[in-house]
Each structure stands twice: as structure tokens, then as C-alpha cells.
Amino acid sequence: MEALHFSTVASRHFSISLSHNRTFSSSAYSTHKPTKLSSSWTGSSFSSSRNNLFTNEIWGWVNSKSVSLRRCRDILPGMVRAEMFGQLTSGLEAAWSKVKGEELLTKENIVEPMRDIRRALLEADVSLPVVRRFVQAVTDQAVGLGVIRGVRPDQQLVKIVHDELVKLMGGEFSELVFAKSGPTVILLAGLQGVGKTTVCAKLANYLKKQGKSCMLVAGDVYRPAAIDQLAILGKQVDVPVYTAGTDVKPSEIARQGLEEAKKKNIDVVVVDTAGRLQINKSMMDELKEVKQVLNPTEILLVVDAMTGQEAAALVTTFNLEIGITGAILSKLDGDSRGGAALSVKEVSGKPIKLVGRGERMEDLEPFYPDRMAGRILGMGDVLSFVEKSKEVMQQEDAEELQKKIMSAKFDFNDFLKQTRSVARMGSVSRVIGMIPGMAKVTPAQIRDAEKNLQITEAMIEAMTPEEREKPELLAESPERRKRVAQDSGKTEQQVSQLVAQIFQMRVRMKNLLGVMEGGSMPALSNLEESLKTEEKAPPGTARRRRRPESRKQFANSTSARPDARGFASES
Ligand SMILES: Nc1nc2c(ncn2[C@@H]2O[C@H](COP(=O)(O)OP(=O)(O)OP(=O)(O)O)[C@@H](O)[C@H]2O)c(=O)[nH]1
């Protein structure tokens, strides 16, 4: 694997790399190039069937053994990979590769990958008890997990590890709390050199962008340069800084600063405090005094991400000593291991609220555990794909469906199940958007597709159980179709189209399975094109234009072809 590095001018630590897998270069890629599907694929008369087919295509594509997780990650849109936590990311990658090619995650085949995960976490400087709990939780979930159609065991393992990482980092995003009345006071504490003074100004800058007026208070009286530094940074972000020199007690400066902020109707006061090389009693006593004077809404401990599990231990100690509300993890941009981000919440019980990712004033961000986990794994879109697939279909359903398709017994019950599965996926575009070349489906097309799903559902619900199982009954009887039309409030023509469609679907799905088994990737871009063409066609013309296409299919499909006499003439 080759990484192209782009260093940003502003930060000497930060670099991003675009993953570029050599095995995935031109010749390898060309083997996955979309093959042209038969024209029958491009002329579906119903958007609902189109969606079902999309879903199948997508499942089929990801399921295809030629598509590796790495490839998914690298070619899916927006897949820029950060170097941050790079070491951990590579360590975990070894784990996925161990279960590639397996059909199921078992007690036996999970041993090796779990060893890799354990090693990766320990190397990331996560504490041993935390690693043990993590590995146990992942193992418990992975073993005996049912198979989800289209999702391979290595993809499932990625998802489990992702979810556990999110839990480990606190699950939910922990927002800053603001006072209901009067200024919100945020007290910053931390050891020397962790980035407190810088964070003060960054935080003011961050809050200003949320429309809050801010004031900084220079409470670090032991390092005169810290006061000047804060004044300069304050100017830089255009926020007033309250200073009272170095001869006044920090608690007194804090009190005066708060008074000043109240007079000026300031929304948020951020108070800088002195750091020490290590925790000592005088530091804690001073902080307690400042805390008593200010009664802060937030007491945030700034910890240096590069100190790994030590950062988590510090948060615990500060919390026990003075009671804090959360942590700010600074210098995350220089952290290739990730131990601090992974351990703080688990070890101390206190959430990380913000992270510093560079020296610039803009480099402060909220800490989102799920995004962080996604970054660590570097496979955001694969994760959402697994999640969606899990929601919509169980393997048993899928296998049964496959059998039915193969034996040309796909009936309206299956049709309805599929239709609802697609509907449950919400916006189909979200799934389609995960596939390269398929991100351009318009909202209008999606709305249309969803409207058609409802129409289809209404008609199927108006059928008797027997009719649903044997679409032939409807194909042979205009009376039955008339009754379904009346009961569902749709036209006879719509019912006829639906009946014709199920036979077309049998044929198309069978064709699709053939294509998938042949190992080539379905022509997703062709489908997208067909969507656009159909979208542009004026009402009433699309069907007429497509009819020769459907006829051609029927002519080619002897096995699944019903005795269509009785409805074909009407449709
Ligand atoms: N790369 C990087 N550097 C940072 C970050 N935050 C702070 N720094 C740098 O870390 C150094 C120390 O930051 P300060 O804000 O002076 O630290 P402090 O905790 O106030 O230090 P004391 O006042 O001595 O206690 C400075 O050079 C900052 O530019 C960050 O998120 N990323």
C-alpha cells in the first residue's frame, strides 16, 4: 500500500494520506469494471422494482468475493484517510484479513483476529484492563453471530469492533453545558504545556462561531508569558481578555473577571489557570479556591493526547480531587496511537468533550465517539452498509428468496417483503450513495420511487393469499385483476402492469444471479442512466417506449413465462 502525504501549511504534525492500494491499480480495477447488463435491466416499468433490483445489485456487488474491504474503503467517495491513529488502524487491519474468506465467525477462527485486536490496542497505549474488557465484549458478540445476506464475516467483525469502540469512548457525543442565566463559566485546568492557554482562545473562537460572546480571564500568574500569550491570542480571535498581572491571587482574578463579564453581558467566560509539571497539593488547593469563587458550569481538564493512558489517569485524579465535568484532548493531530482517546471515558468516567487537532485557532472540534471510531477503522461507508443490510434482511430470508428466484417461484409475498425491506431502508439513495458512480440519484427520483412503493403495496394487500402465492391466477383472470384494482383504489391497468412485472422480475432476478455467480459487477452506472432517462420521459410515454423491451424479455424467458393470455392484450 502506498500513501500520498499532503502536509498542511498550518500544522507541522498534521498530514493526510490518500490510501492507494497498489493491487487495486489499473489492471486489477479493470476486472471489476461494470459489465453491460442485458437491455432488460434498463427498462423496468416500475420504480419499486427498480429499487428492489438496486438493493440486490448492491448486495451482490459487496458480496462478490472480488471486492475487498480495503477496496470498498478506498474507492468509496470521500474516503480520505487520516494519519491520526494510523498505527492502530494498521494493527486492526491485520485482524480483518484473518477472517477474510471465512463463511462464519466461530470460536476457533476468531482467536487469531482477537489476538491482533488485543495487540493493536495495547500498542495504542490502552490500559490492560480496558483492553481485556474490550476483547471479551467483541468476542462474545462475534461468535455465533448470524450471517446477514451480502455481508461477509470480516465486514461484520469491523462493525462489532466499531460499535465497541464507540461504547468505549462514551457512546454519545457529550455537549458543553451552558448556564441557564448569567454568564456560563468554563474553568480550564491541566498540567504545564498541555495546551491550556491555546485551548482558551480556541474555545472562545469555537463559541463565537456559535453566536456566543466570550471573555477570557488570565489566571496563570506563575508564568508571566502566559498572560501575554493569552492577550495576543485573544486579539487574534477578537475576544476581550481580562488580566490583573501576576501579583493578584488567581481566585481574586477569577472573581474580578467574572464581575467584568457580568457588566459586559458576556455569554461565556473562559478562565485559564496555572499548570504544574506534575500534580501537587498547592495546585489542587488553588484550583479548589478558584472553583469555589466561580461556581463554574464546566470544569474541563486539558490533557495531552500524546501521553496515552497517562492522560486517562490524570483525568481520574483531577476528577477525584476537584470534581471535573469533562476533558479536552489536545494535540490529537500528533497522536498516532489513540490510547488517550480510547481510555479517558472508560477509566475516569468523564467524557471527552472537545479535541484539539492543531495549533491554529480553528483546530478545536467537538468529540464524536462514532466519528472517531470511524476514523480509526477508516471504513465509514462499509460500516453504514453493514448496519443497513442488517436492518433490512436476515440470512434465512435471503436464502429462501434465492431458492424461490432460482425455481421461478418468486411470488407477491416475496415481492412485498422486498418492497418493505427497501422502504425500511429509508432513503434508498443513502445506500446507493455508498456505491461509486451511484451517488447522483436525485431527490425527485427517490420521492418517485417511494411513492411507487406505496402504490405497489396497496395493490398487493388487496390480493387474496392465494393470488399472492400464485400470480398466474391474476394473469389468467381479468375479473380478479378488476377486483384488486377496485379494492386498492388503483386502475386495472396498474394491476396488469404489476402482474406483468412479477414475471419480468423472476426473469431479471434469475439473470442477475447468473451475472453475480459469474463474478462480474453489475452495471450500476447503466442503471443510473436508465433512471435518468425514465425520469425525463413525459408521463405515459415511458411504458410505450419500453414495451418492445419487455416483449423481448418475455420472448427470451421461456422458463418463467406464464400463460399470459388474458392480460397481455390489455397491458
Ligand atoms: N500540534 C498541536 N499543538 C498544540 C495543540 N494545542 C496546543 N499546542 C501547542 O502546545 C504548546 C503549549 O501550549 P500552551 O497553550 O502554551 O500550553 P499551556 O498548557 O498553557 O502551558 P503552561 O502555560 O506552561 O501551563 C504550544 O506550542 C501550542 O501551540 C494542538 O492541539 N496541536
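Criteria and thresholds
- Residues numbered from 1 in each chain as written.
- Predicted model: local features only at pLDDT ≥ 70, side-chain atom pairs only at ≥ 80, totals over all residues.
- Heavy atoms only, no water.
- Helix = DSSP H or I, 4+ residues; strand = E, 2+ residues; numbered from the N terminus.
- Buried < 20%, exposed > 50% of the residue type's maximum accessible area, 1.4 Å probe, protein only.
- Contact = heavy atoms within 4.5 Å.
- Areas by Shrake-Rupley, 256 points an atom, 1.4 Å probe, with all protein chains shown as cover.
- Near = heavy atom within 4 Å.
- Polar contact = N/O pair within 3.5 Å; in protein donor to acceptor, adjacent residues only side chain to side chain.
- Phe/Tyr/Trp six-rings, centres within 6.5 Å; stacked < 30°, edge-to-face > 60°.
- Lys NZ or Arg CZ within 6 Å of the ring centre and 35° of its normal.
- Salt bridge = Lys/Arg side-chain N within 4 Å of Asp/Glu carboxyl O.
- UniProt positions renumbered as here; feature names shortened; annotations may be inferred.
- Pairing = 2+ DSSP bridges.
- Axes fitted to C-alpha atoms, helices over the stretch in contact; angles between N-to-C directions.
- Right-handed = clockwise from strand over helix to strand, strands pointing away.
- Expected span 1.5 Å × (residues − 1).
- Core = buried A, V, L, I, M, F, W, Y, C linked by side-chain atoms within 4.5 Å.
- Domains from an automatic or database assignment.
- Arc of directions from axis to C-beta.

What follows deals with the overall build of the chain. When its secondary structure is counted, the chain shows 25 helices and 11 strands. For the chain, buried positions account for 52% of its 571 residues. Within the chain, contacts between residues at least 6 apart in sequence are counted, and of these 77% link residues at least 24 apart. About 25,100 Å² of surface is accessible on the chain, with carbon and sulfur atoms providing 50% of the total.

With that out of the way, let us pick up the site of the ligand. Taken together, the neighbourhood of the ligand is formed by 20 residues, with Lys-196, Thr-197, Thr-198, Arg-223 and Asp-333 sitting nearest. Contacts to the ligand include Thr-197, whose side-chain N or O atom sits 2.6 Å from an oxygen atom. Between the ligand and the protein, one listed contact pairs an oxygen atom with a backbone N or O atom of Gly-356 at 3.4 Å. For the ligand, the protein covers 84% of the area, taking 650 Å² as the surface of the free molecule. The element best represented in the shell around the ligand is helix α8 (residues 196–209), accounting for 4 residues.

We now examine the packing of aromatic side chains. In this description, a pair of aromatic rings is defined by centroid distance and the angle of the planes. The final tally for this structure, using the stated rule, is 1 aromatic pair. Look at Phe-173 and Tyr-368: their rings are 4.4 Å apart centre to centre, the planes differ by 40°, and that puts the pair in the tilted class. Linking Phe-173 in the loop between α7 (153–168) and β4 (184–189) with Tyr-368 in the loop between β11 (364–366) and α14 (369–377), this pair joins segments that are 195 residues apart in sequence. Judged by its relative accessible area of 28%, Phe-173 is partly exposed. For Tyr-368, a relative accessible area of 23% puts it in the partly exposed group. Directly above the aromatic system of Phe-178 lies the positively charged group of Lys-212, at a separation of 4.4 Å from the ring centroid. Sitting over the face of the ring of Tyr-368, Arg-371 holds its NZ or CZ atom 3.8 Å from the ring centroid.

Positive phi, close to 70°, is recorded for Asp-125, a residue that is not glycine. Within the element layout of this structure, Asp-125 appears in the loop between α5 (111–123) and α6 (128–142). With phi around 60°, Asn-265 is a residue other than glycine that occupies positive phi space.

Here we come to the pattern of salt bridges. Considering all chains together, one arrives at 22 salt bridges under this definition. Two residues, Glu-164 and Lys-167, come together in a salt bridge whose shortest N-O distance is 2.9 Å. With a gap of 3 residues between them, Glu-164 and Lys-167 both fall in helix α7, about one helical turn apart. Residue classification places Glu-164 among the buried positions, given a relative accessible area of 8%. In this structure, Glu-365 engages Arg-357 in a salt bridge whose closest nitrogen and oxygen atoms are separated by 3.4 Å. The structure contains a network of salt bridges with shared partners spanning Lys-98, Glu-112, Arg-115, Asp-116 and Arg-119.

With numbering aligned to this structure, UniProt lists the feature "domain: SRP54-type proteins GTP-binding" (unreviewed entry) at residues 351–364. Counted over residues 351–364, helix gives 0% and strand 43%. Its end C-alpha atoms are 16 Å apart.

Spatially, the 8 strands line up as an open sheet ordered β6-β5-β7-β4-β8-β9-β10-β11, and their pairing is mixed. Two strands in the sheet have a free side with no partner beyond their single neighbour: β6 (241–242) and β11. Bridge count for β4 against strand β7 (residues 268–273) is 4 bridges, and the pairing is parallel. Paired with Val-185 across the two strands is Val-269, which belongs to β7. Relative to the sheet, helix α12 (residues 309–322) contacts β4, β8 (298–304) and β9 (326–330), its axis offset from that of β8 by approximately 155°.

Now for the pairing of β8. Among the 7 residues of β8, 7 are classified as buried, and the element is accordingly described as predominantly covered. Neither face of β8 is exposed, since Glu-298, Leu-300, Val-302 and Asp-304 on one face and Ile-299, Leu-301 and Val-303 on the opposite face are all buried. Alignment of β4 against β8, held across 4 bridges, turns out to be parallel. Each residue of the ladder has a partner; that of Ala-189, found in β8, is Leu-301. Across 5 bridges, the pairing between β8 and β9 is parallel. By the bridge assignment for β9, Val-302 is matched with Ile-328. A crossover connection joins β8 to the parallel β9 through α12; in handedness this β-α-β unit is right-handed.

Counted at 1.5 Å a residue, the expected span for α8 with its 14 residues is 20 Å, and the 20 Å between its end C-alpha atoms agrees. The buried fraction of α8 is high, at 11 of 14 residues. Taken together, the buried positions of α8 are Lys-196, Thr-197, Val-199, Cys-200, Ala-201, Lys-202, Leu-203, Ala-204, Asn-205, Tyr-206 and Leu-207. Gly-211 sits one or two residues past α8 and shows a positive phi near 85°.

Our next topic: the nonpolar core. Core analysis: the largest hydrophobic core is formed by 100 residues, its most contacted members being Leu-188, Leu-203 and Phe-318. Two domains each put at least three residues into this core: domain 1 (83–169) and domain 2 (184–367). Ignoring sequence-local partners within four residues, the contact set of Leu-203 consists of Leu-176, Ile-186, Leu-188, Val-270, Leu-354 and Leu-364. Counting residues in each nonpolar core, the second largest holds 19 residues, with Leu-416, Leu-474, Val-484 and Val-499 among its members.

A separate point is α6. Taking 1.5 Å of rise per residue, 15 residues should cover 21 Å, and α6 covers 21 Å from first to last C-alpha, within 8% of that figure. Residues Val-130, Val-131, Phe-134, Val-135, Val-138 and Ala-142 constitute the buried set of α6. Projected down its long axis, α6 shows its buried positions confined to an angular sector of 125°, all on one face. Pointing more than 90 degrees away from the buried face of α6 are the exposed residues Arg-132 and Asp-140. Buried residues along α6 sit against α5, α7 and α13 (339–348).

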